[in-house]
Amino acid sequence: MSAIKVLFVTTEIAGLAKAGGLGEVSAGLPPALRQRGIDVRLLMPGYRAVLARLPSIDWGEDLPGRAAIPAGRLGTALLPDGSVLHLVAQPALFERAGTPYCTPEGRDWADNHLRFARLSLAAADIAAGRAGLDWVPDIVHANDWPGGLTPAYMRWDGTSMPTVLTIHNIAYQGNFDAGQRHLLGIPDAAFDVNGVEFHGQVSFLKAGGFYASHVTAVSPTYAREITTEPLGAGLHGLMGGRAASGELSGIVNGIDDSWDPGSDPHLPHHFDPDDLHGKHANADVVRTGLCLRPSDGPLFGIVSRLVHQKGLDLVAEAANDIVDQGGQIAILGLGDPEIEHMLSRASRRHRDDIGVLIGFNEPMARRIVAGSDFTLMPSRFEPCGLTQMQAQRYGALPIAHATGGLADTIADGTTGFLFSTLSPDGLMAACHRAFDAFGDAARLEEMRRAAMARSFGWAAAAAEYEALYRRLLGRPAVLGSAPARAVVMEEAA
Ligand code: ADP
Ligand code: GLC
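What comes next concerns the included structure. From a predicted model like this one, the values you see are computed outputs, not experimental measurements.

### Describing the packing of aromatic side chains
Here is step 1 of the chain: Per the stated rule, a full pass over the model turns up 16 aromatic pairs.
Here is step 2 of the chain: Pairing F116 with W145 gives two aromatic rings, centres 5.4 Å apart and planes at 85°, and the pair type is edge-to-face. In this pair, F116 sits in helix α4 (residues 112-127) while W145 sits in the loop between β6 (139-143) and α5 (149-156), placing the two residues 29 residues apart along the sequence.
Here is step 3 of the chain: Each member of the aromatic cluster is reached from another via a ring pair, and the members are Y101, F116, W145, F176 and F204.
Here is step 4 of the chain: A cation over an aromatic ring shows up here: R96 above the ring of W109, its NZ or CZ 4.5 Å from the ring centre.
Here is step 5 of the chain: Positioned above the aromatic ring of F191 is the side chain of R181, whose terminal nitrogen or guanidinium carbon lies 4.3 Å from the ring centre.

Here it is as structure tokens:
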């Protein structure tokens, strides 16, 4: 049987352009799908930084415009891991300084609706065979609100092909003024509660959630949570309906193999579960780097976007307690200036014990995780979360709110500590359990071993996405085929 062909539509790919976890998913999942024999190609905007990073791009056909969406051009490049990447080039929309979504000052680009409609329209044209490629997918897999119009354009164009929308964060929805629909080529009839309309606005995520054949969230718990009012961000009704029809499911992300404490080139000292000297040496490097006093007490690490979602205000409130008990906190983050100030204030109160670094710095992130005994993640909600998986692999037991992917990937009391009451006291209760474990060498070692032994690779997620693609295409797996056996073995290992 011929390989399943998938077009994976994304706005970030780690190594080319990344703002957060989606970039890592787009770098990790497609190669794992390819290993299973799936012919997956990626589509992303031709940002200036991406064009500059790719050594060679084949320029193909012009992509037609629609309404106020300008025409573009399709490029094709080969990534070092062998993946085929298609680029939507549109200089006025994509060739600028800044992140995929924001100006260098951190404000959303005012034309994001046109930018990401341009991306989605290109995906729909590729699906319809209108993009001049000698390759047409069997299925289109879009991500988050910027890809949300992909299934919608396909439906309006009459392209009947299964589509998947993966929601990495339902709180980011891409909602725009209703008048913009005329600029985006949205048919009037689709501006309806059964369509793209959301509280009088045009919503890209609602569009994707409504028109995609199937919706996935990045963990089973988050897939349930988005059907509820507190975490559904207004779309819980739609999500509840899709869940009831069996069209919403959760698949946990993986992390890539570079997260290996025995070989990570960013670590000054390597280590493994049988020899943790390197881990302690990394802790000293982190303490020195953040001007913290030498200590034999536990080091609590935080590597995070500084946004309300991550609940770091609870850490600021619990900081005195943690320090009083002999703990130290190393923080690396970037984001909301108010959250930066709050954490910096805590650090000024305890200069020797709390260090804050503002910035996005991958080597430093890895060192903090490698040096920490515990990793704090009191997220209000967390669709999946990658940091807690990285932390377990590096023996930095996560202390986390039992929500979303945190609840699904941390074994409470075995590989980390979960708490259910989202408050400084709830967080402190979990920290007390962590201090107790820290004081009991045998228990600490047992938990570290259990955490470091967990497998968080991409193979399991790839197997689940393949099963979903096959179900949507009506192409059941051939029993006994090599890829299926490989997964069974991985799961049994
Ligand atoms: P989110 O995507 O919501 O930010 P995730 O836990 O899914 O959260 O992924 C965050 C990723 O970004 C992790 O790989 C983490 O190590 C990395 N990261 C977050 N903040 C920083 C930072 N300030 N410097 C370096 N890496 C960071
Ligand atoms: C989002 C979520 C995060 C998830 C990531 C990748 O950024 O906030 O929890 O891990 O997407 O799916």
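Now that the structure has been shown, the text picks up again.
### What about the sheet that holds strand β5 (residues 84-89)?
Here is step 1 of the chain: Reading across the sheet, the nine strands line up as β3-β4-β5-β2-β1-β6-β7-β11-β12 and stay open at both edges, with mixed pairing between neighbours. In this open sheet, the two strands that pair with only one neighbour each are β3 (58-63) and β12 (248-250). Taking each pair of neighbouring strands and ignoring which way they run, the sheet shows an average axis angle of 25°.
Here is step 2 of the chain: Relative to strand β7 (residues 163-167), β6 runs parallel, the two being bridged by four bridges. Residue pairing across strands places N143 opposite T166, the latter belonging to β7.
Here is step 3 of the chain: Each of β1 (5-9), β6 and β7 is contacted by α5, which is oriented at about 140° to β6, the strand it contacts most.

### Remarks on the site of ligand 2
Here is step 1 of the chain: Near ligand 2 you find 14 residues, and of these H168, N253, E382, C384 and G385 are the closest.
Here is step 2 of the chain: One of the side-chain N or O atoms of E382 is found 2.5 Å from an oxygen atom in ligand 2.
Here is step 3 of the chain: A distance of 2.7 Å separates an oxygen atom of ligand 2 from a polar atom in the backbone of G385.
Here is step 4 of the chain: For ligand 2, the protein covers 91% of the area, taking 310 Å² as the surface of the free molecule.
Here is step 5 of the chain: Ranked by the residues each element gives to the shell around ligand 2, the list is headed by helix α1 (residues 21-35), at three residues.
Here is step 6 of the chain: Class assignment of the residues belonging to the shell around ligand 2 gives a composition of six nonpolar, six polar and two charged.

### Quick word on a positive patch on the surface
Here is step 1 of the chain: On the surface, a cluster of positive charge is contributed by R345, R348, R349 and R351.
Here is step 2 of the chain: Summarising the element assignment, R349 is placed in helix α11 (residues 337-349).

### What about the sheet that holds strand β15 (residues 354-358)?
Here is step 1 of the chain: Taken together, six strands build an open sheet; the order of strands is β15-β14-β13-β16-β17-β18 and the sheet is parallel. Because the sheet does not close on itself, it has two edges, and the strands there are β15 and β18 (417-419). Neighbour to neighbour, the strand axes of the sheet diverge by 20° on average, direction disregarded.
Here is step 2 of the chain: Relative to strand β16 (residues 374-377), strand β13 (residues 299-306) is paired through two bridges, and the arrangement is parallel. By the bridge assignment for β16, G301 is matched with T375.
Here is step 3 of the chain: The strands that helix α10 (residues 312-324) touches are β13, β14 (328-335), β15 and β16; relative to β13, the one it contacts most, it runs at about 165°.
Here is step 4 of the chain: The sheet strands contacting α11 are β13, β14 and β15, and the helix crosses β15 at an angle near 150°.

### Quick notes on α5
Here is step 1 of the chain: With six of eight residues buried, α5 is to be regarded as a mostly interior element.
Here is step 2 of the chain: For α5, the set of buried residues is L149, T150, P151, A152, Y153 and M154.
Here is step 3 of the chain: Buried residues in α5 make contact with β1, α4, β6, β7 and α6 (204-211).
Here is step 4 of the chain: Phi for G158, located one or two positions after α5, is positive at around 75°.

About the thresholds
- Each chain carries its own residue numbering, running from 1 in the direction its sequence is written.
- Chains and ligands are labelled sequentially in the order written, the chains with letters from A and the ligands with numbers from 1.
- Local features in this predicted model are restricted to residues whose pLDDT is 70 or higher, and side-chain atom pairs enter the listing and the counts only when it is 80 or higher, whereas totals over whole chains, interfaces and linings include all residues.
- To obtain the side-chain values, all non-hydrogen atoms of the structure were used and water was disregarded.
- Aromatic pairing here means that ring centres of Phe, Tyr or Trp (its six-membered ring) are within 6.5 Å. Orientation follows from the plane angle: under 30 degrees is stacked, over 60 is edge-to-face, and everything else is tilted.
- Only runs of H or I of at least four residues qualify as helices and only runs of E of at least two qualify as strands under DSSP, and these elements are numbered from the N terminus.
- Remark: a charge is flagged as sitting over a ring if the NZ atom of Lys or the CZ atom of Arg is within 6 Å of the ring centre and within 35 degrees of the ring normal.
- Two strands qualify as a pair provided DSSP detects at least 2 bridges between them.
- Axis definition: a line fit to C-alpha positions, over the contact stretch in the case of helices; interaxial angles, taken between N-to-C directions, run 0 to 180 degrees.
- Should any heavy atoms of two residues lie within 4.5 Å, those residues are counted as being in contact.
- Nearness is judged by heavy atoms alone; a residue qualifies as near a molecule or strand once a single heavy atom is within 4 Å of it.
- By the criterion applied in these results, polar contacts are pairs of N or O atoms within 3.5 Å in which, for protein atoms, one can donate a hydrogen and the other can accept it, and in which residues neighboring in sequence qualify only through two side-chain atoms.
- Where accessible areas are quoted, they stem from the Shrake-Rupley method and a 1.4 Å probe; at the residue level, only the protein chains shown are allowed to cover.
- Polar here means any residue outside two lists: the nonpolar Ala, Val, Leu, Ile, Met, Phe, Trp, Tyr, Cys and Pro, and the charged Asp, Glu, Lys and Arg; Gly therefore counts as polar.
- Patch construction takes residues with relative accessible area above 30% that form no salt bridge. Like charges are linked within 9 Å, and nonpolar side chains (Val, Leu, Ile, Met, Phe, Trp, Tyr) are linked within 5 Å.
- When a carboxyl oxygen of Asp or Glu is within 4 Å of a side-chain nitrogen of Lys or Arg, the pair counts as a salt bridge.
- Just so you know, the count uses Lys and Arg for positive and Asp and Glu for negative, and it drops His and the chain ends.
- We put the charge of a Lys on NZ, of an Arg on CZ, of an Asp on CG and of a Glu on CD.
- Each residue is assigned to one of three classes by its accessible area relative to the maximum for its type, calculated with a 1.4 Å probe on protein chains only: buried under 20%, partly exposed between the two thresholds, exposed over 50%.

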